[in-house]
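The primary structure of each chain is shown beneath.
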Amino acid sequence: MSGAAPASVPGAGRAAAVDARLALPAGAGWLTAVLLVALPAAALPTAIAASAAAVALLLASRRPASRHAAARRIPPLVLPSLVALVVVAAAVALAAPGRTPPALGELVEEGGSAVGVVALDATVMPGAAGGVDGTLLAIEDRASGRTSAVSVPVRVLSIPAPERLSLGTRVEARWRAIPTEAGDDRAALLAPMGAVEVVAAAPALLSAADGLRARFLALASAFTGDGAALLPGLAIGDTSAVGDDLDEAMKRSSLSHLTAVSGANCAIVVGLVMGAGALAGWRRPVRIAAALAALGGFVLLVTPEPSVVRAAVMAAVVLVALAGGRPGRGLPVLGAAVLGIVVVDPWTSREYGFVLSVLATAALLLLSGPLAERLGRVMPAPLALAIAVPLAAQIASQPVLVLLEPSIPLAGVAANILAAPAAPVATIVGMIACLLAPLAPPLALGAAGIAWLPASWIGGIARVAAELPGSQLPWPEGGLGAVLLAVVLAGLALVAGIPAVLGGRARRRVLIGTAALLVVTAGLTVGATTLQNLGRPADWTIAQCDIGQGDALIVRSADRLALIDTGAEPELLDGCLRSLGVERIDLLVLTHFDHDHVGAVEVVVGRVDEVIAGPVADERDVEILDGLAAGGAAVRQVAAGEEGVLGAQRWRVLWPPDHRGVEPGNDASLVLEWRAAGDCAPTCPPSMLALGDLGQQAQRGLLDAVRIRPVDVVKVSHHGSADQEPALYTAAAAALGLIGVGEGNGYGHPASEALDAVSAAGGVAVRSDRHGLALIAPAPDDPGAWRVWTERGRIAVPP
């Protein structure tokens, strides 16, 4: 949660005047950006022109005889809101063309690859999997061969880095561009098609700051346990040492914001400098200048990523307001900051991090004081303040957080209260250790040891809170869940007298209504979840994980497990494996090396016995296999004709025919046929044909090369793209077509051509975007038959 945690809350105990003059204009500008950036580029000019025309007509309709009369007739906040709307619309219109320069637009629309230079927006660790944000600075025009200078925000899907690459490092490669959804803050996804070369080091200041961070990371590694992993995150926002299990515990206990650089971290730094300056007798202008300099240095130290810069802005908003002793008067400053950020980068308006940052900041300005005052009636004031600050931020942020994770962390407030005294100590002493590392290593080690203690305390709290029974209350997902929770929280605030607008009788009515809504909603959600889990088959044989736009299928036979591809998101794959109780994988099949099939491979490194893979394209692919081998797996590349056994099932590779002369990629995907290894009637597992990402031409080649026998299940090729060969699906005659596809993806998957091919062959499509996790298991009352269980919706298996 981004927001500043003040040392005291001026105004607690008395009503504070709230100046909301800029709230409506800021909201109007923000909403304008949210709507306009989500439109396709071709529709933007029309939408912006329509907005300007609507504003002009509104003003014209209110035009009286004199200008002064007009000013009186237009409500005070309407005109500033209209101005904000027009300014933001103009900002979108001016920025949109630069996000899709012709060379990049052609690459996204037509496919292929081109050489480009990208400046990294974050530090890349050696051997790290996953992507990194960057700025595309130059792109080759494929028609002319010339290189154009651009400045486009992108997401690089993977950077095979043999050494640490600092933020600001410029790398060059041949990139394949993948479109993003309209409204995404990145204009495109870039996948390297070969070696990635460093063409320019980071600027001197960024490089020096990165050197400090690297030294501190090495210093923290001298200690053990969760404290050593969390310390760099608490001090400088570096979470590279935090493992998946600890990361999950921090999230489940609502403590993950402590290891992200937020407004609270910025406020700690600035508050420390302001306090030290006051003790030293510095004049106010000197203290402010020193605090700003310290804030700038802190941002540089923890990497000036956009999220960090926004956190610094939000911290400054709170500090300006609190310095004047009028928290309510901070709203105009917050409104101006929101408008400024949205005008500079309209695509920021749709980022969850930005939304959470604004909500948490507003809550600390408006809600923490009244909460501290109410709590102070029954407990000491310092304790009331310690509870009010995290509680205010969590109340404001929780309706948005349920959009990301449909549950309410019941232990989160208690965990934050227990962690609150430790977090500033770990942050401040950790930063001191970081700054001392190159100057006085022994002193730095001592400071790091002191900071390690509160970091370990926070890690312990996270572990305990995450494992408490009922620590997560299931809640309805999506917009409905967010609205219901907002209504519940607003009702509870009114009951608590925030604001004090209700009498005793009205307050009791609101309490009864809010309690009834909470009980009914939570009861229905918990009941539905319980019933769903009760119906979830424990004897499943095939599982399709819901991992977004990507593939991750699990085959289970006689207690042996095979995973076919990993998808792109480590957290999603790890969550699926955990929910299914998968700890060890006997066979990992990497059909090909596109990011949406191998991007989450880090989750299974060290947990795999055997790996079979298709042809490799470059050093990055080799590094993936080498990493799996280093984790103890036996790795081999296979082609058509290879076969093996998994429990009671036999797998056979049908495609590609040979690695020699085969160009790696979608059309060289491994295609596996799965069938019973012997006479298993009437308990045979379902047979399956897994098609990887083969296109239509490759599917025709498969038909020519191999006799396709009917199967029970087909893994639909390439996430249900339009590039399908219906005759292949007719030959397979599968009753079920599994489609691993991301909800709202920008590719139009699954296409009607793929869905028609499945249905024409007599099958039913099981889509991860609509059905979530899908499990195929034996039918309990029909030997030899099987059924499908899904998280969402019902699937009727054709006879």
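Preceding this section is the structure that the text describes.
Below, the structure is looked at part by part. (Residues numbered from 1 in each chain as written. Predicted model: local features only at pLDDT ≥ 70, side-chain atom pairs only at ≥ 80, totals over all residues. Heavy atoms only, no water.)

Focus: the environment of Ala 451
Then comes step 1: Here Ala 451 is to be found in helix α18 (residues 441–467).
Then comes step 2: Each C-alpha atom, one on Ala 451 and one on Ile 428, is 8.2 Å from the other, the two residues being 23 residues apart in sequence. (Helix = DSSP H or I, 4+ residues; strand = E, 2+ residues; numbered from the N terminus.)

Here we look at the state of the cysteines
Where two cysteines share a covalent bond between their sulfur atoms, that bond is called a disulfide.
Then comes step 1: Scanning all chains against the criterion turns up one disulfide.
Then comes step 2: The residue that forms a disulfide with Cys 545 is Cys 576, at a sulfur-sulfur distance of 2.0 Å. Disulfide Cys 545 to Cys 576: torsion about the S-S bond roughly -75 degrees, handedness left-handed. With Cys 545 in the loop between β9 (542–544) and β10 (553–557) and Cys 576 in helix α21 (residues 570–579), the pair connects residues that are 31 residues apart, well separated along the chain. Across the pair, exposure class does not vary: Cys 545 and Cys 576 are buried alike. (Disulfide = S-S within 2.5 Å. Buried < 20%, exposed > 50% of the residue type's maximum accessible area, 1.4 Å probe, protein only.)

What about the nonpolar core?
Then comes step 1: Formed by 50 residues in total, the largest nonpolar core has its most connected members in Phe 216, Leu 255 and Ile 458.
Then comes step 2: Looking at this core, the element that brings in the most residues is α18, giving 10 residues.
Then comes step 3: Excluding its chain neighbours within four sequence positions, the residues that come into contact with Ile 458 are Leu 230, Leu 234, Met 250, Leu 255, Leu 258, Ala 419, Ala 422 and Ala 423.
Then comes step 4: Grouped together as the second largest cluster of nonpolar side chains are 33 residues, Leu 577, Val 601, Leu 625 and Trp 789 included. (Core = buried A, V, L, I, M, F, W, Y, C linked by side-chain atoms within 4.5 Å. Contact = heavy atoms within 4.5 Å.)

Some thoughts on the pairing of β10
Then comes step 1: Burial analysis of β10 places four of its five residues in the buried class, which makes it a mostly covered element.
Then comes step 2: Bridge count between β9 and β10: three bridges; the pairing is antiparallel. Within the sheet, the bridge partner assigned to Gln 544 lies in β10 and is Leu 553.
Then comes step 3: Bridge analysis of β10 against strand β11 (residues 560–564) gives five bridges, and the strand direction is antiparallel. When the bridges of β11 are listed, Val 555 appears paired with Ala 562.
Then comes step 4: In this structure, the hairpin formed by β10 and β11 is closed by a connection of two residues, where Ala 558 is found at a positive phi of approximately 50 degrees. (Pairing = 2+ DSSP bridges.)

Observations concerning the pattern of salt bridges
Then comes step 1: Scanning all chains against the criterion turns up 26 salt bridges.
Then comes step 2: Note that Arg 675 and Glu 673 form a salt bridge whose closest N and O atoms lie 3.0 Å from each other. Considered together, Arg 675 and Glu 673 belong to a single accessibility category, that of buried residues.
Then comes step 3: With its nearest N and O atoms 2.8 Å apart, the salt bridge here joins Arg 767 to Asp 769. The exposure classification of Arg 767 matches that of Asp 769, with both residues buried.
Then comes step 4: The network of salt bridges with common partners includes Asp 133, Arg 155, Asp 184, Asp 185 and Arg 186. (Salt bridge = Lys/Arg side-chain N within 4 Å of Asp/Glu carboxyl O.)

Side note on unusual backbone geometry
Then comes step 1: In this model, Trp 655 is joined to Pro 656 through a cis peptide bond whose omega is 5 degrees.
Then comes step 2: Tracing the sequence through the fold places Pro 656 in the loop between β16 (649–655) and β17 (671–676).
Then comes step 3: The amide bond that connects His 749 to the next residue, Pro 750, takes the cis arrangement and shows omega of -5 degrees.
Then comes step 4: Relative to the helices and strands, Pro 750 is located in the loop between β20 (736–739) and α26 (752–760).
Then comes step 5: Although it is not a glycine, His 718 sits at a positive phi angle of roughly 50 degrees.
Then comes step 6: Mapped onto the elements, His 718 comes out in the loop between β19 (713–715) and α25 (726–732).
Then comes step 7: For His 718, a relative accessible area of 22% puts it in the partly exposed group.

Side note on the sheet that holds β20
Then comes step 1: Read across the sheet, seven strands follow the order β15-β16-β17-β18-β19-β20-β21 without closing on themselves; strand pairing throughout is mixed. Of all strands in the sheet, those bounded by a partner on one side alone are β15 (643–646) and β21 (764–767). Across this sheet, the average inter-strand angle for adjacent strands is 20 degrees, counted without regard to direction.
Then comes step 2: Two elements, β16 and β17, share six bridges in a ladder whose sense is antiparallel. Counted as the bridge partner of Trp 651 is Trp 674 from β17.
Then comes step 3: Sheet strands in contact with α26 are β20 and β21, and its direction is about 135 degrees off that of β21. (Axes fitted to C-alpha atoms, helices over the stretch in contact; angles between N-to-C directions.)

Quick word on the packing of aromatic side chains
Then comes step 1: The final tally for this structure, using the stated rule, is two aromatic pairs.
Then comes step 2: For the pair Phe 223 and Trp 452, a centre-to-centre distance of 6.1 Å together with 20 degrees between the ring planes defines the contact as stacked. Note that Phe 223 is positioned in the loop between α6 (204–220) and α7 (225–236) and Trp 452 in helix α18, a separation of 229 residues in sequence.
Then comes step 3: In this structure, Arg 556 packs its charged tip against the face of Trp 540, placed 4.2 Å from the ring centre. (Phe/Tyr/Trp six-rings, centres within 6.5 Å; stacked < 30°, edge-to-face > 60°. Lys NZ or Arg CZ within 6 Å of the ring centre and 35° of its normal.)

What about the sheet that holds strand β13 (residues 608–613)?
Then comes step 1: Taken together, eight strands build an open sheet; the order of strands is β14-β13-β12-β11-β10-β9-β22-β23 and the sheet is mixed. The open sheet terminates on both sides in strands that have one partner only, identified here as β14 (634–637) and β23 (786–790). Within this sheet the neighbouring strands show an average axis-to-axis angle of 15 degrees, counted without direction.
Then comes step 2: In this fold helix α23 (residues 619–630) packs onto β12 (585–590), β13 and β14, with an angle of close to 175 degrees to the strand it touches most, β12.

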